[in-house]
Structure formats: structure tokens, C-alpha cells
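One letter stands for each residue in the lines below.
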Amino acid sequence: MKLVLFTALGLASLGLTGVPVQAQSEKPSEYNVKAVYLFNFANFVTWPELDRVDSTVPFRIGVLGINPFGDALEGVIEGENVDGHPIVIEVADSADKLNSCQIVYMSETGHSQLETILGQFADNQILTVGEAEGFIELGGVVGFVTGDKRIQFELNMVVARAVGLDISSRLQRVASRVISSEGSGNQ
Amino acid sequence: MMANIVYPRNGADQCRRGKGQTTPQPGWSVLQGLTGILLFSCLAIFGAQPGYASDDDLVNLKRMSLEDLGNLEVSSVSKKLERLSTAPAAIYVITGEDIRRSGHISIPEALRGVPGVQVARIDANKWAITARGFNGNFANKLLVLIDGRSVYTPLFSGVYWDVQDLPLEDVDRIEVIRGPGAALWGANAVNGVINIITRKASATQCGLATAGIGTGVHGLGTFRYGSELGENTSYRVYGKYFDHDHGKTPDGLAANDSWRMKRAGFRLDWGQSDRDELTFTGDFYDGETGQTYNAPMLTAPWAETISGTAEIRGGHVLGRWNHQLSFTSDLTVQVYGDRTERFDVYARETRSNLDLDIQHRFAPAGGTEILWGAGYRLMSDKVPSTGLIWMSTDNSRNNLFSAFVQTNLILIPERLRMSVGSKFEHNDYTGYEVQPSGRILWSPNNRHSVWVAVSRAVRTPSRAENSIRVNAAVIPPGTPTNPGLLPVATRMEGDAMYGSEYLIAREVGYRIRPGATLSLDLTAYHNSYTDIRSVSASAPVPVGAPPTHLQMLLRANNDLEVRTHGFEVVADWLPTSWLSSRATYSHFHMRVEGDDESVASGFVTSEGVDPRNQFTLRTSLDLLSQLYFGACVRYVSELSSLDISSYTTLDARVAWRPTATTELAVVGKNLSGPSHVEFQSELNSTPIAFERTVYISATQRF
């Protein structure tokens, strides 16, 4: 019944606007979408080191530098867990404080520092996510790409495998670009 | 030179093709999800602050599939302001979105409003475009590239703007660098580089059709179709046609400046997750332009206006291979061939260029990046005599060898970075030329940065400066300049000994983001040019053949020294997600020193062909869900030596998107004020006055 109601309303709004186009005030903000992406990454990536430990150990999402999400990250993880692990958000100024995170988001870090920090994180099983241009070329695992007001992402499978992360093929298929090692199966 | 191409990163065009979109199940959940958002959001407070994480928004976003998250339009992205702050140069980026929102229908129009760049429309098909001075129909200090292919002609070291075109919907961005880009891009990048970058084929999938009509434009149509050939290859093909009407002289008479062009082209990209990426582009064009030329006569009235239709055609093919050696090192090899055939009213030119470039980029240690490359270009042409203009040799073949090296160093992480490099070239006219450049950027924190640069740039001689012969003008007898009894015919001649022009540029820039919604970018420069083109006149020599006259040769020389200085400001204000504003201001001052006798003033550098002040204010408003409004006010101060007064124009555009795939737009240009003249060509003395125009366009994606 609900399905029919939703569908009927959906068709009605289609009639008004053609293919649904979001009104300006209804468009989600960039960081809401990115927060949801991070949550999706948590579900489509496997951290073998985390699987070995007790489910009381939290799943950590770290934000390096200024936190651009506002309260979007807290909003996204509310009531959720990753394979039974509760989710915790940590915001810190320096990379050493985030070494035990599963995901680290680096937003306003300039190019110059990125390589050094990514080098530090490479010793840990961390899914590094960033927005700087060329983020995945520098050794990051996921880079957000924004163009024409849409947010997509790119993957660096070479680094992912090197740190031991298992990235689902679903994520690889959706990525707009993937750097993977030679001879590996294609997407 | 194709150095520094940054591969475009764009969201895909609105076409639901590709991975994960074919099963009906995801389709229904999309509809539910989007309907949910529409319904819930309709109840939301209008103008809710972007960034406020409404629980409902997040709940609905979480329900969406990954594919749909990627297709979602977000309310605003401020990344543009961030990315520029680490470039130690005066860079300005015109995004594809800026171009589409402004309603421009040609590349020269899209360049208006860039600080430091002068865009003056001579008539419907001719433009005078330059950066930081020395403007002219044959301006020669700006390098223009399209997808890494250089589009300037060695005939006069300038650009034929009447043939540089492509579907503007497929432009990813236009990067404009003011100041010498010579270390990377080579000779001719003296005052600036304009790099037009098109979107990757994978971002322009499915079909796009645009049609437009308006006052001054009989018709404009573009059709583009993109698709995939297997998993790793995408391509697009396009066809474009336009027909610009002729304009009017200030007296209201019809001018002969119509512009008609047919064009077709393609782009193919191969490559995916692996280490290699291949790109091929090509195009072919064929068109006509109306041209007028004042040819001198040895009897009264001493000049006649020749009016005619020029035929121009040409094309190019380009291939580029990028190979990732490791994730800190990559190699790019590029080859392209370019052919032009021009049958202008006053000259004929058939030209073929072949260019091969290699570039290697690698990062040997943390904080260092080294780029180096080598290139070879073969330029061959035929410029047969037309009786009006000819060359000392009809055919020529020139070789250009070049190499460059550049190091980008991070001296203090996040605070201080430096860039040092040089380009080395060998050309057939002047031999070896070196163009070094050094730049430093200091960012005390995330909100400010300062950069300083010193560079040397060289403009090597053009074919015309080397060998042209033009009957320039006839000075009638019994006039103040020629009090004698016989007319004096002047003839401009190129000189085999003509040398390069040199520039030492000193630039400084400052960027500041005082708040999250405001950013300012300031640049100031001081340029010292030596060996700038001048003309030396010989004593008149009698010529017996009737009608008897005296002939005076004006030989091209390098005797002038020029100093220019100025500053440019760009201010961006994005107070809300639906309103944005940008203001640009340029101030320019030039002093020419040396012999200032200019008989053929069009070809000798002079002060007063560049405006002292230019100002642009652009505003964009997303009014309701489907209405987009943009307006631009532009002021250009007078061109004193061309007797052209200052002008202010207002352009406005309203676009309506009834569905996600259809757009209708109305564009009005020169809405305020009387018609105005912008420039006068060195060749033709009848300027064209631009009046109010209205243009309507429809775009459909399928």
C-alpha cells in the first residue's frame, strides 16, 4: 500500500516536473552527500584487522584538520554500526592521533603535506579519503571528484591492496576512475 | 607544447547509461528516494542553510544507491576557491559551467572578463585578443592551446580566432595564465597562455542537440553523440554549424563581416583502471568570412576598399598517450598534425604543422616534483603572392626543437614552495633561445598566500616579420607628411635579420580568503620588453614606371623598448548556494621608448591600443527550481590612439530547465547604452559598431 502511495505521488510529481529535478532549496549539500559516501565506504570495504577484534572495539572515522561536515557525520552514523562495531568520529589536527582509525578523511590539507601523511598512514590499515586534486595519485585510496555539481569518487586499488583493505567490486564498478595494478581483473 | 595538462575531472553528462543502471529494481528505489526527498523537502523551510544536516535529508540520502549518489546534484561546491591557492602564478579558470551559464556562443566571447586579458571584437568574425597589452588583430604575445595543441600560426605569431571553435558544451574549462608561461610552454607564451581543455569522452555520453537563433545570428546548431565501445573506450562525435550575420558600421551601413562555418570532430579516450590512457581528437572545418581590405593606389583617391569573401578550411588530428610508471611518475607522448588553408582577401596561406612532444613527470623524494620534456615541430607553408601581400619566398619549411625542465620544490611543508625551470628552444630564425623562470609561494596559513615570480620570455620572429612584402599606404602629394609633387608609396618589408623580442617579467600575487564566502586574488606586475618591433624608414627613391612615384621602404626592426605595469583583482562572493558574484578589475599602463615615428602605425607597437582600466561584474542567481539567471556588466576604458571611446555593456541571460534534459535560454547582449566600437584592425580602417542583440537557444539531451 505504501509502495502504491509512494508511486502515485512520485508519478504525480513527475507530471509536474518531468524527470525529478531537485529545487534549489531541496538540493542536498556537498558534505551531506560526502558523509553518506563515507558511511557507504564503511559498508563496502572490509578491514581484516578489525574483523579479528571484539565487536566492542569501535569503528573509527577520523577527520584530519578542519571538519567540513558540520554535524552531518554524526547524523549519518546515528543508530548505525559496522559489522556490530559501534561507530565513533574523531577530529584531530595531527596524523598521529588518527593512526587507529579505519577511515581518515583529509579535506583542507594542502598537497605538500599529503604525501608525508599518506606515507605515515600507509603502515596502518586505513582507508584514506580526500578531495585534493590528484589525491589518489599521491597514495590516497579514495578521492572525491566534484564536477558539474556532482560528487563522484576514484579509487587507488594499488594502495588499498598494499595496506590490506578489501574493497568490494561494487565500489570499484561505481568509481569514476580506478588505479589498479597490472594484470589484475578489471572492475 | 602540451606540458601540464591536467586531465579533466567532471561529473558525467546527464545520461543514464553505464554500469548498474539497467535493472528495473534500482530504478524504482530511485524514484521512491527522490520522491521522498521532494515530499519531505517541500515541507522544509525555504532557504534552509546548506550544510545544516537535516536528519530527514540524511536518511533519504542513505537510502540511495551508490550510482544515484553520484548522479545527484549538490547545492554548491566551493572547491574552486581552494584549489587555486597553491599556484605561484596568475591563473584564472573559466569553468564549463561558467561558459554555459553566461550564454557565450564562441571562444573569444568566453574569454571576456578575465582580468588582464583584453578581448576586443573588431567585427563579426575578427577579434583582437591579448593579455597585458600589445593588442591587435595580429596580436602576437599570447599562446593559445586546445587540448594541448598549439593553435597560433607562425605566419604572424598570432591566432586566427575565426577558426578556433568547438561545441562549448564540451569544454571542461579554460585556464588562463597571465604572465610568461614560457618555461613550460615556450616561445610566444610571452604575456600569457590560454589552455582550452575539453571534457573526457566518458563525461559526454549520449546525445546533445543545441539550436539557436537571434539578431546577428541567422542560425547556430550543434549535435553531439557519445557512446562506449566496450568497457574501456568512450568516444564522442559532433557536428556544428553557424551563420553570423553581417554587422553595421557606425554610420549604419551594412558591413562585410559575415561568418559562416561548418565543423565536425571527434574525441576518443581509451583507458581505465590500468596504467595507460590514450586520447585521440580530430576535427575538420570549412567556412567563409567576409573581409575588407584597404589597398593603396598610386592615383587619387589613393586607396580602394576591396571587399570579398574569404574561404578557410582545415583540420587536425591529435594522439596522446599517458603511461603511469608508478604512482609518482608518469610519461606523456603527444603527436599532432594540423592543416590550414586560407584564401583571405589579401593573402593566401596553406600551412601544415607536425608536432611531437614528450613529457615526463616524477617525484623523486617527498616534496619534490620534476617535469622535463622535449619536442619537435615541423612547420611548412606556401604563401603565394596575391599582388597585395607576398613573401620573399613563397614556400618555407621551419624546424623548431625544444626542451624544458622544471622543478617544483616544497621547502617548508604547507608553507613555502618554489618552482624553478627553463625552456630551451632552437628555431630557424634566431637559433638558440633560453627562457628561465623562478617562482616562490608562501602561505602563512590556509587563508592567505603570497607569491613572487621572475621570468624571461622570448618571442621569436614570425614568417611575416622575416619575409613579408606589403604595399602599405600611399601618401598623397601636397600633404604635410609629403609636401612634394609625387606620391610616396610605402612598402612594409620583413627582414631576414629581424630578431626576437625579449621580456623580463616581475610579478607578485596575493590571495586571501577573509571568510568562507569571500575570496580575493590580486596580482601586480612590471614588464620590461626589449627589441620590440619597430619600423625604420629609408629615404624615398624615385620609381620611373608610370605613374611616377617615390617609394619608401619600411623595414621591420627591433628598436623599441617598452615598459608595462599593472595590476589585476578578482573578487568572488558566494553568500548562499543560489547566489554568486564575481568582480574583476584590471589596470594597465604602457610606455614605449625609442623611435616613435610610426608611418605604418598598425604594425608598430604603440601606446593607446590597450585600455587603461577594465572592470567586469558577473552575478548568477538560481531563482526557482528551474530558472537560472545571470548578468554581466562590463566596462572598458578608451583606446586613445585608435580614437575609440570607453564603453559599458550589460549582458543578461535567463534559462529555464523544464526537465533535467531540456533547457531554453534567452540571452541579451549590449543591453544598455548605444552601439559601440571596440577595436580597429591594423588592416581595415572601417570599424564595426556593436548594438543590442537578442539570442534564443534550446538544448536537448537524449
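Residues numbered from 1 in each chain as written. Chains lettered and ligands numbered in written order. Predicted model: local features only at pLDDT ≥ 70, side-chain atom pairs only at ≥ 80, totals over all residues. Heavy atoms only, no water.

Which residues make up the overall build of chain B, and what values go with them?
Helices and strands together make up the secondary structure of chain B, namely 8 helices and 37 strands. Burial statistics for chain B: of 702 residues in total, 56% are counted as buried. Of all intrachain contacts in chain B linking residues separated by at least 6 positions in sequence, the fraction that spans at least 24 positions is 62%. Total accessible area computed for chain B in this model is approximately 27800 Å², and 60% of it derives from carbon and sulfur atoms. (Helix = DSSP H or I, 4+ residues; strand = E, 2+ residues; numbered from the N terminus. Buried < 20%, exposed > 50% of the residue type's maximum accessible area, 1.4 Å probe, protein only. Contact = heavy atoms within 4.5 Å. Areas by Shrake-Rupley, 256 points an atom, 1.4 Å probe, with all protein chains shown as cover.)

Talk me through the overall build of chain A; I want residue IDs and the actual numbers.
Tallying secondary structure elements over chain A gives 7 helices and 10 strands in all. Classification of the 187 residues of chain A by burial places 56% in the buried group. Restricting to contacts in chain A with at least 6 residues of sequence separation, those with at least 24 account for 58%. Within the structure as shown, chain A displays about 7300 Å² of accessible surface, and the carbon and sulfur contribution to it stands at 52%.

Go over the nonpolar core, please, and point to the residues and values.
In terms of nonpolar packing, the biggest core is built from 49 residues, with Phe41, Leu127 and Phe153 of chain A touching the most fellow members. It is helix H2 (residues 30-44) of chain A that contributes the most residues to this core, 9 residues altogether. Not counting residues within four places of it along the chain, the set of residues in contact with Phe41 of chain A comprises Trp47, Leu127, Val129, Val142, Phe144, Phe153 and Leu171 of chain A. The next biggest cluster of nonpolar side chains, apart from the first, holds 47 residues, and it includes Trp259, Leu388, Ala505 and Tyr525 of chain B. (Core = buried A, V, L, I, M, F, W, Y, C linked by side-chain atoms within 4.5 Å.)

Residues and numbers for the environment of Ala128 of chain B, please.
Residue and element names in this part refer to chain B. Mapped onto the secondary structure, Ala128 falls in strand E3 (residues 127-131). Along the backbone, Ala128 and Ser681 are 553 residues apart, and their C-alpha atoms lie at a distance of 7.9 Å. Beyond its immediate chain neighbours, meaning those up to four positions away, Ala128 contacts Gln118, Val119, Ala120, Ile122, Asn135, Gly136, Asn137 and Phe679.

Which residues make up the sheet that holds strand E1 (residues 90-95) of chain B, and what are the values?
The strands making up a sheet are joined through hydrogen bonds of the backbone, oriented either antiparallel or parallel. All names here are of chain B. Reading across the sheet, the 5 strands line up as E1-E8-E9-E4-E5 and stay open at both edges, with mixed pairing between neighbours. Looking at which strands have only one partner, the edges of the open sheet turn out to be E1 and strand E5 (149-150). As judged from the 5 bridges shared by strand E4 (residues 142-146) and strand E9 (residues 192-198), these two strands associate in the parallel manner. Bridge pairing in E9 links Val144 to Ile194. (Pairing = 2+ DSSP bridges.)

How would you explain H2 of chain A if you had to name every residue and give the values?
Here H2 of chain A spans 21 Å end to end across 15 residues, near enough to the 21 Å set by a 1.5 Å rise per residue. The buried fraction of H2 of chain A is high, at 13 of 15 residues. (Expected span 1.5 Å × (residues − 1).)

Tell me about the pairing of strand E10 (residues 206-214) of chain B, residues and numbers included.
All names here are of chain B. Examined bridge by bridge, E10 and strand E11 (residues 217-228) share 8 bridges and lie antiparallel to one another. Note that in E11 the partner of Ala209 across the bridge is Phe223. Counting the residues that bridge the hairpin from E10 to E11 gives 2 residues, and of these Gly216 lies at a positive phi of roughly 90 degrees. Here 7 bridges tie E10 to strand E37 (residues 693-701), and the two strands are oriented antiparallel to one another. Considered in E37, the bridge of Ala211 is made with Ala698.

Before we move on, can you summarise the packing of aromatic side chains with the specific residues and values?
Under the criterion given, the structure shown has 17 aromatic pairs over all chains. With 5.0 Å between their ring centres and 85 degrees between their planes, Trp47 of chain A and Phe59 of chain A make a pair best called edge-to-face. Of this pair, Trp47 of chain A sits in the loop between strand E1 (45-46) and helix H3 (48-52) while Phe59 of chain A sits in strand E2 (residues 59-64), and the two are 12 residues apart along the sequence. A single burial state applies to Trp47 of chain A and to Phe59 of chain A, both of which are buried. Their ring planes at 40 degrees and their centres at 5.0 Å tell us that Tyr376 of chain B and Phe401 of chain B sit as a pair that is tilted. Taken together, the residues span a long stretch of sequence, with Tyr376 of chain B in strand E18 (residues 368-382) and Phe401 of chain B in strand E20 (residues 395-412) at a distance of 25 residues. Three or more aromatic residues joined by ring pairs form one cluster here, namely Tyr31, Tyr37, Phe41, Phe69, Tyr105, Phe144 and Phe153 of chain A. (Phe/Tyr/Trp six-rings, centres within 6.5 Å; stacked < 30°, edge-to-face > 60°.)

Can you lay out the pattern of salt bridges for me, pointing to particular residues and giving the numbers?
Residues and elements named next belong to chain B. Taken as a whole and judged by the stated rule, the model has 51 salt bridges over all chains. A salt bridge links Glu593 to Arg591, with the shortest nitrogen-to-oxygen separation between them at 2.8 Å. A relative accessible area of 22% means that Glu593 is categorised as partly exposed. Classification of Arg591 as partly exposed rests on a relative accessible area of 46%. A single network of salt bridges, built from pairs that share partners, joins Arg132, Arg178, Arg439, Glu507 and Glu568. (Salt bridge = Lys/Arg side-chain N within 4 Å of Asp/Glu carboxyl O.)

Describe in detail the environment of Pro115 of chain B, supporting the description with residues and values.
Residues and elements named next belong to chain B. Structurally, the position occupied by Pro115 is in the loop between helix H6 (107-110) and strand E2 (117-121). Residue Pro115 is classed as buried on the basis of its relative accessible area of 0%. Separated by 250 residues in the primary sequence, Pro115 and Ala365 place their C-alpha atoms 36 Å from one another. Every residue in contact with Pro115, bar those within four places of it in the chain, is listed here: Tyr92, Arg178, Glu568, Val569, Val570, Thr584, Tyr585 and Ser586.

Please provide a residue-by-residue account of the confidence of the model for chain A, values included.
All names here are of chain A. Chain-level statistics for chain A give a pLDDT mean of 76 and a share of 77% at 70 or above. A low-confidence stretch, residues 1-25 (pLDDT under 50), is modelled with 40 contacts involving residues beyond four sequence positions or located in other chains. Across residues 182-187, confidence stays below pLDDT 50; counting only partners more than four residues off in sequence or on other chains, it has 13 contacts. (pLDDT = per-residue confidence, 0-100.)

Which residues make up the pairing of strand E4 (residues 85-92) of chain A, and what values do they have?
Residue and element names in this part refer to chain A. Of the strand pairs in this sheet, E2 and E4 are connected by 6 bridges, and their pairing is parallel. Pairing of Phe59 across the sheet is with Ile87, part of E4. Here strand E3 (residues 81-82) runs beside E4; their pairing, made up of 2 bridges, is antiparallel. Paired with Val82 across the two strands is His85, which belongs to E4. The hairpin formed by E3 and E4 contains 2 residues between the paired strands, and Asp83 there has a positive phi angle of roughly 55 degrees.

Describe in detail the confidence of the model for chain B, supporting the description with residues and values.
When the pLDDT values of chain B are averaged, the result is 83; 87% of them are 70 or greater. Segment residues 77-84 of chain B: pLDDT under 50, and 19 contacts once partners within four positions in sequence are set aside and those in other chains are kept.

For unusual backbone geometry, give the residues involved together with the corresponding values.
Residue and element names in this part refer to chain B. Following Ala300, the chain continues to Pro301 via a peptide bond in cis, the omega torsion being 0 degrees. Along the chain, Pro301 turns up in the loop between strand E14 (276-296) and strand E15 (303-326). One non-glycine residue with positive phi stands out, namely Arg132, at about 55 degrees. Checked against the element boundaries, Arg132 lands in the loop between E3 and E4. Of the residues examined, Arg132 reaches a relative accessible area of 1% and is grouped as buried.

Account for the environment of Leu145 of chain B, with residues named and values stated.
Along the chain, the position of Leu145 of chain B falls in strand E4. Along the chain, Leu145 of chain B and Ile174 of chain B lie 29 residues apart, while their C-alpha atoms are 9.7 Å from each other.

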